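# Geometric and topological summary
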Amino acid sequence: MKLINKLLAISAISVALMPGVVSADCGKARLADFDWSSANIHTAIAGFILEHGYGCEVSITKGSTTPIMAAHYDGQLDVVTELWYDNIKDTFDGHEAAGTVRNLGVNTPDSQQAFYVDRATADKYNLTNVLDMNNPEIAALFSDPENPSMGRMTSCIGGWTCYTINLVKQKAYGLDKYYTNFDPGSGGALDAAIAGAFAKKQPIFTYYWAPTGLMGKVDLVRLAEPPFNAECWASMQVVVEDIKANGTDAWVPTCGVEYRDMSLDKSVLSSWADSHPAETAFLEAYSIPTAQVNRLLAFYEDESDGDMELTAMEYLANDDSWKAWVPADVAAKVSGAL
């Protein structure tokens, strides 16, 4: 798998082609990737194995959640190696019921999404619950440089479903009276905003998630929210999807609950799975423990300088767990490529 330094922008999606050994048996494997690091790692590892172990012609299409999943549902992308299923459940379930895509089960066993405050500020002002933030004096600690009369809640990326979820949750909790729902623009910019606040010892109120490499470098306190409730979440998602389709004027009052701590899944086009049973069996078996993902994220971000292939090789060369996912002959080919 060759590293490609140039990304081709197509309809807000970046496409990186990684030419390798082509096999008539496998043919093309069009992998989806996203603009956050954990997805990059799983795409790289799965892509390396598909290319060198199964002889697939691997291509990678990278972008934000909405356009990438639309391309997957439309049959343009074969494999999604990191699926935040709960965030897109309603849409995904419809396509799965129609037979277009197939959920291949757990990728990473445990993850979380939440609102966080830096520990120094949380400890000083006894901030433990999201409702503790509904105070103009507290909001002033997180003043938005672009709107100084409001506090800033650094949120998800505008193209990610969680951005709209956060907007709806803000309104449900009353946070919208005191805070902007700030879109940092990219996953890297979100990380930089958090890391920068810690470097300058400034308060930060932010959305974030795990597994990530950054979580091992900063001390964020998770703010409690109403416990996850499937009925409330479903009601909230109706509003979320309406806003995504019709804009913020479509908002109507709803309840709010925390994100459910969940496993991350994988997805495949049903037609590709039917014609690639061996490769699909490998993808079904693929799963890496959360702690190992965090270690790989730290390597990816701090030691490899964002080199996807180098991170994949670091994992494959130093952890034999992956050999249980594939037949011995495939494992031998992958090891030979290392």
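All of the points below concern the structure found in this document. Here the structure is a predicted model, which means the values were calculated and not measured.

### What about the state of the cysteines?
By the definition in use, this model includes 3 disulfides. One disulfide bridge connects Cys-26 with Cys-56, the sulfur atoms lying 1.9 Å from each other. Disulfide Cys-26-Cys-56: the torsion about the S-S bond is 95 degrees, which places it as right-handed. Placement of Cys-26 in the loop between β2 (13-17) and β3 (28-34) and of Cys-56 in the loop between α1 (37-54) and β4 (57-63) is noted, with a sequence separation of 30 residues between them. Covalent S-S linkage joins Cys-156 and Cys-162, the inter-sulfur distance amounting to 1.7 Å. Disulfide Cys-156 to Cys-162: torsion about the S-S bond roughly -55 degrees, handedness left-handed.

### Concerning the packing of α1 against helix α13 (residues 328-337)
Across the interface, α1 lies against α13 with an axial gap of 8 Å and an inter-helix angle of 105 degrees. In this view, α1 runs roughly perpendicular relative to α13, as classed from their interaxial angle. Judged by residue contacts, Phe-48, Ile-49, His-52, Gly-53 and Tyr-54 of α1 engage Val-330, Lys-333, Val-334 and Ala-337 from α13. By residue class, the composition of the contact of α1 with α13 is 6 nonpolar, 2 polar and 1 charged.

### A word on the nonpolar core
Grouped together as the largest cluster of nonpolar side chains are 101 residues, with contacts concentrated most on Ile-45, Ile-49, Met-133, Phe-205, Phe-282 and Trp-325. With 9 residues, the single largest contributor to this core is α1. For Ile-45, the residues in contact, after removing those within four places along its chain, are Tyr-286, Ile-288, Leu-296, Ala-312, Tyr-315, Leu-316 and Trp-325.

Definitions and cut-offs
Residues numbered from 1 in each chain as written. Predicted model: local features only at pLDDT ≥ 70, side-chain atom pairs only at ≥ 80, totals over all residues. Heavy atoms only, no water. Disulfide = S-S within 2.5 Å. Helix = DSSP H or I, 4+ residues; strand = E, 2+ residues; numbered from the N terminus. Axes fitted to C-alpha atoms, helices over the stretch in contact; angles between N-to-C directions. Parallel < 35°, antiparallel > 145°, perpendicular 65-115°, else oblique. Contact = heavy atoms within 4.5 Å. Nonpolar A, V, L, I, M, F, W, Y, C, P; charged D, E, K, R; others polar. Core = buried A, V, L, I, M, F, W, Y, C linked by side-chain atoms within 4.5 Å. Buried < 20%, exposed > 50% of the residue type's maximum accessible area, 1.4 Å probe, protein only.

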